[in-house]
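Chain by chain, the residues:
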Amino acid sequence: DAKTTQPPSMDCAEGRAANLPCNHSTISGNEYVYWYRQIHSQGPQYIIHGLKNNETNEMASLIITEDRKSSTLILPHATLRDTAVYYCIVRVGADGLTFGKGTHLIIQP
Amino acid sequence: DAMVIQNPRYQVTQFGKPVTLSCSQTLNHNVMYWYQQKSSQAPKLLFHYYDKDFNNEADTPDNFQSRRPNTSFCFLDIRSPGLGDAAMYLCATSRVPGRMSYEQYFGPGTRLTVT
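In short, a report on the structure. Please read all numbers here as calculations on a predicted model, not as lab measurements.

## A closer look at the pairing of strand 3 (residues 32-38) of chain A
Residue and element names in this part refer to chain A.
Line of reasoning, step 1. Taken across its seven residues, strand 3 has seven buried, putting it largely inside the fold.
Line of reasoning, step 2. Here strand 3 shows a buried face lined by Tyr 32, Tyr 34, Tyr 36 and Gln 38 and a second buried face lined by Val 33, Trp 35 and Arg 37.
Line of reasoning, step 3. One ladder, built from seven bridges, connects strand 3 with strand 8 (residues 84-91); its direction is antiparallel. The residue of strand 8 that forms the bridge with Arg 37 is Tyr 86.
Line of reasoning, step 4. Bridge analysis of strand 3 against strand 4 (residues 45-50) gives five bridges, and the strand direction is antiparallel. For Trp 35, the partnering residue across the bridge sits in strand 4 and is Ile 48.
Line of reasoning, step 5. Counting the residues that bridge the hairpin from strand 3 to strand 4 gives six residues, and of these Ser 41 lies at a positive phi of roughly 65°.

## Re the sheet that holds strand 1 (residues 4-7) of chain B
The strands that make up a sheet pair up through hydrogen bonds in the backbone, lying either parallel or antiparallel.
Residues and elements named next belong to chain B.
Line of reasoning, step 1. The four strands are arranged 1-3-8-7 in an open sheet whose pairing can be described as antiparallel. In this open sheet, the two strands that pair with only one neighbour each are strand 1 and strand 7 (64-67). Neighbour-to-neighbour, the strand axes of this sheet turn through a mean angle of 20°, independent of strand direction.
Line of reasoning, step 2. Across four bridges, strand 7 lies against strand 8 (residues 73-78) in antiparallel orientation.

## Observations regarding the nonpolar core
All names here are of chain A.
Line of reasoning, step 1. Trp 35, Leu 73, Tyr 86 and Leu 105 are the most contacted members of the largest nonpolar core, which totals 21 residues.
Line of reasoning, step 2. Listed by contribution, the elements that provide at least two residues to this core are strand 2 (18-23), strand 3, strand 4, strand 6 (61-64), strand 7 (70-75), strand 8 and strand 9 (103-108).
Line of reasoning, step 3. Ignoring sequence-local partners within four residues, the contact set of Leu 73 consists of Ala 18, Asn 19, Leu 20, Trp 35, Ile 47, Ile 48, Ala 60, Ser 61 and Tyr 86.

## Focus: the state of the cysteines
Line of reasoning, step 1. Applying the stated rule across the entire model yields two disulfides over all chains.
Line of reasoning, step 2. Bridging Cys 22 of chain A to Cys 88 of chain A, the disulfide has an S-S length of 2.1 Å. Handedness here is read from the sign of the S-S torsion; for Cys 22 of chain A and Cys 88 of chain A, about -85°, the answer is left-handed. One end of the pair, Cys 22 of chain A, is in strand 2; the other, Cys 88 of chain A, is in strand 8, and 66 residues separate them in sequence. Judged on exposure class, the residue Cys 22 of chain A and its partner Cys 88 of chain A are both buried.
Line of reasoning, step 3. Here Cys 23 of chain B engages in a disulfide with Cys 91 of chain B; their sulfurs sit 2.0 Å apart. Residues Cys 23 of chain B and Cys 91 of chain B are joined by a disulfide whose S-S torsion is about -75°; by sign, that bridge is left-handed.

Parameters and conventions
Residue positions within a chain follow its written sequence, with the count starting from 1. Note on labels: chains are lettered from A, ligands numbered from 1, in written order. Local features are withheld for residues below a pLDDT of 70 in this predicted model, meaning they are given only at 70 or higher, and side-chain atom pairs are given and counted only at 80 or more; totals for whole chains, interfaces and linings count all residues. Side-chain numbers here rest on the full set of heavy atoms in the structure, without hydrogens or water. In this scheme, a residue with accessible area under 20% of its type's maximum is buried, one over 50% is exposed, and one in between is partly exposed, where area comes from a 1.4 Å probe on protein chains only. In this text, helices come from DSSP runs of H or I with a minimum length of four residues, and strands from runs of E with a minimum of two, each type numbered from the N-terminal end. Here, any two strands with at least 2 DSSP bridges between them count as paired. Axis definition: a line fitted to C-alpha atoms, over the contacting stretch in the case of helices. Angles run 0 to 180 degrees between N-to-C directions. What makes a nonpolar core is a set of buried Ala, Val, Leu, Ile, Met, Phe, Trp, Tyr and Cys residues whose side-chain atoms join them at distances within 4.5 Å. Throughout, a residue-residue contact means that at least one pair of heavy atoms, one from each residue, lies within 4.5 Å. Throughout, disulfides are identified as pairs of cysteine sulfur atoms within 2.5 Å of each other.

The structure is reproduced here in structure tokens:
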């Protein structure tokens, strides 16, 4: 079973920040937190990952709590093209990804 | 641009007729993965190659096999497709030196229909 818990769906207004939560209370010390998204009928797309520090790239920011039991993906200025299923995954090394049900984020115009 | 390529994008096969899906990559990544994604479900890992070492998931049916003749190519063989094998098949690659963790890059997928 997936080791993360996410809300099944969320809405966000276009232009606003989208904050997607993820619970990973059983994460082990060497596991990274990864975020991927899948736009309809496309392959999943890597967004960002982190171990314990907050991370930012051109797509998003990742905030990991100090105890590492939860994290939040932030899309700072959501657009209609950000409508997708967002997956939060914990993994280490060369392991394949274990996808949970993810969060279906719908950006409203 | 370096990328993960899957051919064909759409494949139709008959019940019980062997089919091969192909994946190639120009990223020179040492790890290649195959995932199965059924309608309205999340992708599910079937197996992966870490260099030449094959790693099968415990619940992957024997009907599914894979070959990796070189770094760039990886094939998914379905020996006797059943109606339940209709799905999107996703190939992904990753560069994993040692035990560091790196992101996976996915191809666009091959949608398999079984008639």
